[in-house]
Amino acid sequence: MKKILILSLLTLNLLAYEYSLETLKKQENSLAKDYYIYRLLEKKSLNAKEVQTLKTHIFRYAGKIKTELNKIIAFKPYIDPQIAACYNYTKQTILDANLTCQNERLKSLAFISSLAPQTRTSLAQRLNSSKPDLSNLLLAFNTPNPMAYIAQKEDTNGFFRLYNYSKKMDTDLNASFINKIAAHPSFKNFAQGIIIKKENPKFRHSLLQIKPQSVTEDSAFYLGVNALVCQDEALAYEFFKKAYESFKMQENKDNALFWMWLIKKDPILLENLAQSETINIYSLYAKELLNKALPHIIIPNPSKEKNSFNMQDPFAWQKLFKEIKNADEAKLLKLADEFNTKETLAVYTIIMERISKFKKNYFIMPYYEYIKDYDTARQAFILAIARQESRFIPTAISTSYALGIMQFMPFLANHINNKELKIPNFDQDFMFEPKIAYEFGNHHLDYLQSRLKSPLFIAYAYNGGIGFTNKMLAREDMFKPGKFEPFLSMELVPYQESRIYGKKVLANYIVYRHLLNDNIKISSIFQNSIQSN
């Protein structure tokens, strides 16, 4: 494979783009601009004076670029001098502060916990009428179990502040309080966190007291998952039913409907699921069980060979994508006609998906000539991943600077080349070339497939890493034999992005196997995803 790859490079006009800081400043702010600024920072090409001029040129001041910038010069946010002066008060002198400064310092629960009990009592008395929630928290820290105190007071704001301060706090909650918590804006993330991570067993058991009619969408869905973990199938059904009724996106409704069927095995529910025109693992499974055809799949046939758009220019794609996102239907239709070419098929499909409000199923196979010699299962897997990762845009750049059609992280692309493929004069920007991206993707899938048996697990590993996947599979409570497996484990994958990604790639994989005349039963993949004890 190495020789084939090196020879193939001789026929390609590959460029590793080198942009100067002044050239980048002229570009519109975008992820592409951030990425190339980050590359300059990585190479230590910028000094402190140059970095100081970048504040208005950063599209997304977070993650890697923020870390690198802060190594040179920190962009400090403005702080009101009056507020800054409040931090001169310590735990010994906080009683001497004015009300504004006391409120500012007491925003920190770590600071509250450091105070002497008598200081907390004095502050609580002062704040009881104006800040009852804060008064409750101060007095809670004077007890052996602060969370139990807050629960007794049925203080929902205090509950979430305490939980975010120390997630190890756990106590039984009564029905009245847990239903108040369920109505709080912070409840969804809290509930999903403890349910998926299987933490705080007392909190999780208390969730069973929530009334299904009082929650909606994701909250209702994960309360259903929690009820299944707690072996209360009747309650789980009611939560999934409420999720199904309240979800707006069809794929989410299908997920909830699947669980309703799996619990009750009502054939009407399975029939309803099989009628879905949205492609996801649950509708595909239902169609397989009832021997129904796949939903209508659109494979566009471009009317033109090419247009003037440069698919190899990351900045051009970022600018175009911004235009597509902000376009009305008339503008989208005009763009669709412009990009209905073989070379820009990926762009055309993205536009058409928006025109259909994502209700039509577009499956394309751009650059297929580069993978046609692989076996069909591998072809399908590469296409499934590329569709999910980038929608086949060659110069796609993610917020973490994953690159190209196959969204390779630069460190992984460089590792594969330096340790294994050893392409001369390699640069990570070669990932913007579809032929190379596909070949690297195929190489990486060889590695993952040699270590993981299920396409589902390979998808998790492609997204979250093989270390994450192996650690998850080593657990005694994940993907082991059980009444609702592997489906329950699929809802409990710890990393949310991988949890969603695995389902979507698997659905793509089934469709591409079908389009390549190499059908595979999704039920067999589910079965092979259950590991023996």
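It should be noted that the structure appears before, not after, this text.
Quantities reported herein were computed from a predicted structural model and do not represent experimental measurements.

**Student:** So what's going on with the overall build of the protein chain? Which residues, and what values?
**Tutor:** A count of helices and strands for the protein chain gives 31 helices and two strands. When the backbone C-alpha atoms are referred to their principal axes, the protein chain occupies close to 80 × 70 × 50 Å. The contacts in the protein chain between residues at least 6 apart in sequence include a share of 61% that link residues at least 24 apart. Counting only carbon and sulfur atoms, one obtains 50% of the accessible surface of the protein chain, whose full area is about 25,600 Å². Put simply, the protein chain has 70 plus and 53 minus side-chain charges, and the middle of one group is 4 Å from the middle of the other.

**Student:** Requested: an account of helix α14 (residues 187–197), with residues and values cited.
**Tutor:** Here α14 lies mainly inside the structure; eight of its eleven residues are buried. By the burial criterion, the buried members of α14 are Phe 187, Phe 190, Ala 191, Gln 192, Gly 193, Ile 194, Ile 195 and Ile 196. Residues of α14 that are buried make contact with α12 (156–165), α13 (175–182), α15 (201–206), α16 (217–229), α29 (487–491) and α30 (496–515). Looking at the residues trailing α14, positive phi occurs at Lys 198, about 55°.

**Student:** Which residues make up the packing of aromatic side chains, and what values go with them?
**Tutor:** To describe a pair of aromatic rings, you give the distance between the ring centres and the angle between the ring planes. Across all of its chains, the model carries 43 aromatic pairs by this definition. When the centroid spacing of 4.7 Å and the interplanar angle of 70° are considered together, the rings of Tyr 19 and Tyr 36 count as edge-to-face. Highlighted residues: Tyr 19 in the loop between α1 (2–9) and α2 (21–25) and Tyr 36 in helix α3 (residues 31–42), separated in sequence by 17 residues. Tyr 19 sits in the buried class, given a relative accessible area of 17%. On the accessibility criterion, Tyr 36 (3% relative accessible area) is buried. Ring plane angle 80° and centroid distance 6.4 Å describe the contact between Tyr 35 and Phe 432, whose orientation is recorded as edge-to-face. Pair noted here: Tyr 35 is in helix α3 and Phe 432 is in the loop between α25 (410–421) and α26 (434–449), with a separation of 397 residues, a long-range link. Taking relative accessible area as the criterion, Phe 432 reaches 2% and is therefore assigned buried. Arg 105 extends its terminal NZ or CZ atom over the ring of Phe 111, reaching a point 4.0 Å from the ring centre.

**Student:** Describe the packing of helix α18 (residues 250–264) against helix α20 (residues 281–289), and please don't skip the residues or the numbers.
**Tutor:** α20 packs onto α18 with a crossing angle of 45° between their chain directions and a minimal axis gap of 9 Å. Relative to α20, α18 is oriented oblique. For the pair α18 and α20, contact is made by Asp 254, Asn 255, Phe 258 and Trp 261 and by Tyr 282, Ser 283, Tyr 285 and Leu 289, respectively. Of the residues that constitute the contact of α18 with α20, the class distribution is five nonpolar, two polar and one charged.

**Student:** For the pattern of salt bridges, give the residues involved together with the corresponding values.
**Tutor:** Within this structure, the stated rule accounts for 22 salt bridges. A salt bridge links Glu 28 to Lys 322, with the shortest nitrogen-to-oxygen separation between them at 2.8 Å. Here Glu 28, found in the loop between α2 and α3, pairs with Lys 322, found in helix α21 (residues 314–326); they are 294 residues apart in sequence, far enough to count as distant. Judged by its relative accessible area of 38%, Glu 28 is partly exposed. Among the residues examined, Lys 322 registers a relative accessible area of 43% and is labelled partly exposed. Among the ionic pairs, Lys 504 bridges to Glu 251, the shortest N-O distance being 2.8 Å. With Lys 504 in helix α30 and Glu 251 in helix α18, this pair connects stretches of sequence that are 253 residues apart. The exposure class of Lys 504 is partly exposed, given its relative accessible area of 26%. By relative accessible area, which is 24% here, Glu 251 ends up partly exposed. Members of the salt-bridge network, linked through shared partners, are Arg 39, Asp 427 and Asp 429.

**Student:** Describe unusual backbone geometry, and please don't skip the residues or the numbers.
**Tutor:** For the peptide bond that leads from Glu 485 to Pro 486, omega is 5°, which places it in the cis range. If you trace the backbone, Pro 486 turns up in the loop between α28 (466–473) and α29. Of note, Lys 265 is a non-glycine position whose phi angle comes to about 55°, a positive value. Assignment of secondary structure puts Lys 265 in the loop between α18 and α19 (267–274). In this structure, Tyr 367 takes a positive phi of about 60° despite not being glycine. Among the structural elements, Tyr 367 can be located in the loop between β2 (361–362) and α24 (376–390).

About the cut-offs
Residues numbered from 1 in each chain as written. Predicted model: local features only at pLDDT ≥ 70, side-chain atom pairs only at ≥ 80, totals over all residues. Heavy atoms only, no water. Helix = DSSP H or I, 4+ residues; strand = E, 2+ residues; numbered from the N terminus. Contact = heavy atoms within 4.5 Å. Areas by Shrake-Rupley, 256 points an atom, 1.4 Å probe, with all protein chains shown as cover. Lys, Arg positive; Asp, Glu negative; His and termini not counted. Charge placed at Lys NZ, Arg CZ, Asp CG, Glu CD. Buried < 20%, exposed > 50% of the residue type's maximum accessible area, 1.4 Å probe, protein only. Phe/Tyr/Trp six-rings, centres within 6.5 Å; stacked < 30°, edge-to-face > 60°. Lys NZ or Arg CZ within 6 Å of the ring centre and 35° of its normal. Axes fitted to C-alpha atoms, helices over the stretch in contact; angles between N-to-C directions. Parallel < 35°, antiparallel > 145°, perpendicular 65-115°, else oblique. Nonpolar A, V, L, I, M, F, W, Y, C, P; charged D, E, K, R; others polar. Salt bridge = Lys/Arg side-chain N within 4 Å of Asp/Glu carboxyl O.

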